[in-house]
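The chain contents come next:
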Amino acid sequence: MGRAYQNKKDSMAKTAGAKTKVYSKYGKEIYICAKNGGVDPDGNLALRRLIERAKKDQVPAHVIERAIDKAKGGGGEDYAATRYEGYGPGNCMIIVDCLTDNNKRTFADVRICFTKANAKIGAQNSVSHLFDHLAIFVFDGDDDDDDDEAVLEALMMADVDVTDVEVENGKVTVFAPHTEYNNTRTALEEMGITDFDVDLISFVPQVEAPIDGEDVEVMERFLAMLEDCDDVQNVYHNAQF
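Just so it is clear, the model here is predicted, and its values are computed rather than measured.

1. Some thoughts on the overall build of the protein chain
- Helix and strand counts for the protein chain come out as eight helices and 10 strands.
- Each of the 241 residues in the protein chain was classed as buried or not, and the buried ones make up 45%.
- Taking all contacts inside the protein chain whose residues are at least 6 apart in sequence as the whole, residues at least 24 apart take part in 70%.
- Per element, the accessible surface of the protein chain, about 12500 Å² overall, is 47% carbon and sulfur.

This is how it looks when you write it as structure tokens:
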């Protein structure tokens, strides 16, 4: 499966100066989740788990509370999810997920990033079909060679549609279809696993694209520009540095 599941977490915390961007992105996502599914975390499982992830990424309580209070008001912005796909340096593949209240502004901002990196925006589904959309969980194992089989068997017994289970350096990684996120997490919690190093839904490339030389510098600058866009929530790619 590779390590592409780290893209989201690594990019969100890439620079010390990115904290306000992280807060803004979580605030927007929490607002949308609460507005659509209810403001009570006990009755909105997606909201509860989103709040848990926000806290783990050190998002202040007041940012979370403000987003939920905003959703309680019933008004506010009407955000829509939009996705851009294309090709970056070294012909690597890029997926950019956004939440926006102004599609024209967001497209213009993202297009500028592509243009400055000499990258190309493609049509919808031009590259996403070459990624797997997966729920990913990473947690401490028992240093047992059969740990992956034990976890896989327990998840299958819980009727979870597991894609893969890997064990490496004492860490267990569980991959499942993104639609199985809640079922997988619930099953793991019932197994007594509550502390996750990684707990997210991500696009994982089926094939990686090695890049080197000047392409590396351009790619890093490209990713930084995208992360600076207010409407960009997540960036996924298959570049291998």
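Here the narrative resumes, following the displayed structure.
2. Structural notes on the sheet that holds strand β6 (residues 171-177)
- Ordered by their spatial adjacency, four strands build an open sheet running β5-β6-β4-β7, and the pairing between neighbours is antiparallel. Of all the strands in the sheet, just β5 (164-168) and β7 (198-205) have a single pairing partner and so form its edges. For this sheet, the mean inter-axis angle between neighbouring strands, taken without regard to orientation, is 25°.
- The pairing of strand β4 (residues 131-140) with β6 spans seven bridges and is classified as antiparallel. Bridging from a neighbouring strand, Phe137 pairs with Val174 of β6.

3. Notes on the packing of aromatic side chains
- Summed over all chains, the structure comprises eight aromatic pairs.
- A centroid spacing of 5.0 Å and a plane angle of 80° characterise the contact between Phe114 and Phe222, whose relative ring orientation is edge-to-face. Taken together, the positions of Phe114 in helix α5 (residues 103-116) and Phe222 in helix α8 (residues 214-227) put the pair 108 residues apart, joining distant regions of the chain.
- What makes Phe114 buried here is its relative accessible area of 1%.
- A centroid spacing of 6.4 Å and a plane angle of 85° characterise the contact between Phe131 and Phe203, whose relative ring orientation is edge-to-face. Of this pair, Phe131 sits in strand β4 while Phe203 sits in strand β7, and the two are 72 residues apart along the sequence. This pair shows no difference in class: Phe131 is buried, exactly as Phe203 is.
- A network of ring pairs unites the aromatic residues Phe137, Phe139, Tyr181 and Phe196 as a single cluster.
- Over the aromatic face of Tyr31 sits the side chain of Lys70, whose NZ or CZ is 5.0 Å from the ring centroid.

4. Regarding the pattern of salt bridges
- Taken as a whole and judged by the stated rule, the model has 15 salt bridges.
- Close ionic contact of Arg83 with Asp97 constitutes a salt bridge, the shortest N to O distance being 2.5 Å. Of this pair, Arg83 sits in strand β1 (residues 80-87) while Asp97 sits in strand β2 (residues 93-100), and the two are 14 residues apart along the sequence.
- What makes Asp97 buried here is its relative accessible area of 13%.
- Across the pair Asp231 and Arg105 runs a salt bridge, and its minimum N-O distance is 2.8 Å.

5. Regarding helix α6 (residues 147-157)
- Here α6 has its buried residues at Asp147, Val151 and Leu155. Axial view of α6: buried residues confined to an arc of 60°, hence all on one face. When the buried face of α6 is taken as reference, the exposed residues oriented beyond 90 degrees from it are Glu149, Glu153, Met156 and Met157.
- Buried positions along α6 lie against β4, β5, β6 and α7 (181-190).

Definitions and limits used
- Residues numbered from 1 in each chain as written.
- Predicted model: local features only at pLDDT ≥ 70, side-chain atom pairs only at ≥ 80, totals over all residues.
- Heavy atoms only, no water.
- Helix = DSSP H or I, 4+ residues; strand = E, 2+ residues; numbered from the N terminus.
- Buried < 20%, exposed > 50% of the residue type's maximum accessible area, 1.4 Å probe, protein only.
- Contact = heavy atoms within 4.5 Å.
- Areas by Shrake-Rupley, 256 points an atom, 1.4 Å probe, with all protein chains shown as cover.
- Pairing = 2+ DSSP bridges.
- Axes fitted to C-alpha atoms, helices over the stretch in contact; angles between N-to-C directions.
- Phe/Tyr/Trp six-rings, centres within 6.5 Å; stacked < 30°, edge-to-face > 60°.
- Lys NZ or Arg CZ within 6 Å of the ring centre and 35° of its normal.
- Salt bridge = Lys/Arg side-chain N within 4 Å of Asp/Glu carboxyl O.
- Arc of directions from axis to C-beta.

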